[in-house]
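Below are the chains, spelled out letter by letter.
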Amino acid sequence: MASIFTKIIQGEIPCEKIIETDSEIAFLDIMPCAEGHTLVIPKLEVKRLEDLPESEALSLMRTMQHVAKAVSAAFDGIDYNLILNNGANAGQEVEHVHFHVLPRPQGSSRPFHQRAKYAEGEMQEVGAKIRNCL
Ligand code: AMP
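Conventions we followed
Residues numbered from 1 in each chain as written. Predicted model: local features only at pLDDT ≥ 70, side-chain atom pairs only at ≥ 80, totals over all residues. Heavy atoms only, no water. Near = heavy atom within 4 Å. Polar contact = N/O pair within 3.5 Å; in protein donor to acceptor, adjacent residues only side chain to side chain. Areas by Shrake-Rupley, 256 points an atom, 1.4 Å probe, with all protein chains shown as cover. Helix = DSSP H or I, 4+ residues; strand = E, 2+ residues; numbered from the N terminus. Nonpolar A, V, L, I, M, F, W, Y, C, P; charged D, E, K, R; others polar. Pairing = 2+ DSSP bridges. Axes fitted to C-alpha atoms, helices over the stretch in contact; angles between N-to-C directions. Contact = heavy atoms within 4.5 Å. Phe/Tyr/Trp six-rings, centres within 6.5 Å; stacked < 30°, edge-to-face > 60°.

S.K.: Lay out the site of the ligand with the relevant residues and their values.
M.R.: In the region of the ligand, 17 residues are neighbours, and Asp29, Asn85, Glu93, His98 and His100 sit closest. Between an oxygen atom of the ligand and a main-chain N or O atom of Val94, the distance comes to 2.9 Å. Here an oxygen atom of the ligand and a side-chain polar atom of His98 are 2.8 Å apart. In isolation the ligand has 510 Å² of accessible area, and contact with the protein removes 89% of it. Put simply, the parts of the chain that give the shell around the ligand at least two residues each are helix H1 (4-9) and strand E2 (24-28). At three residues, the largest contribution of residues to the shell around the ligand is made by H1. Residue composition of the shell around the ligand, grouped by class: nine nonpolar, five polar and three charged.

So this is what it looks like as structure tokens:
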């Protein structure tokens, strides 16, 4: 089912893109839990992880590792969570499978507890910082 992520994949709405491959795209979350909070999504329009063909799931994992390494390196080797909200009861709001790469600064609150928008220009700076580490 089409969602806002379909529009991002098709370039109809902007995003701070970290990387794009034949099968995936990664971009900064617009309402981050922490600086560098990144979403990694398959281009295939599926809602749940188990709906992805195995080859696409493996490719997604490869890209996720690449992106997660860059996110961590961009923030001096910061720790992070990889989170998949799979279904509404698990907190999934956008019905297109996506992994959150969620940096965890020391003392950070539990995932999705606190969010704050980037200040003007900050999202582009953070995106550049991560892309430099790919
Ligand atoms: P979930 O609750 O796991 O479905 O997470 C969906 C995520 O997508 C949330 O963290 C949102 O902040 C994020 N999001 C929604 N719209 C956009 C957008 N246009 N650009 C970037 N991130 C978005």
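Having seen it, we continue.
S.K.: Tell me what's going on with the sheet that holds strand E1 (residues 17-20), and back it up with residues and numbers.
M.R.: Spatially, the five strands line up as an open sheet ordered E1-E2-E3-E5-E4, and their pairing is antiparallel. Unpaired on one side and paired on the other, E1 and strand E4 (80-84) mark the two borders of the sheet. Averaged over all adjacent pairs, the angle separating strand axes in this sheet is 15 degrees, with direction ignored. With three bridges connecting them, strand E3 (residues 38-42) and strand E5 (residues 99-103) associate as antiparallel partners. Across the sheet, residue Leu39 finds its bridge partner in E5, namely His100. With respect to the sheet, helix H2 (residues 54-74) is in contact with E1, E2, E3, E4 and E5, its orientation differing from that of E3 by roughly 160 degrees.

S.K.: So, the packing of aromatic side chains: which residues are in play, and what are the values?
M.R.: As enumerated under the stated definition, the model contains one aromatic pair in all. Ring plane angle 80 degrees and centroid distance 5.5 Å describe the contact between Phe5 and Phe27, whose orientation is recorded as edge-to-face. Linking Phe5 in helix H1 with Phe27 in strand E2, this pair joins segments that are 22 residues apart in sequence.

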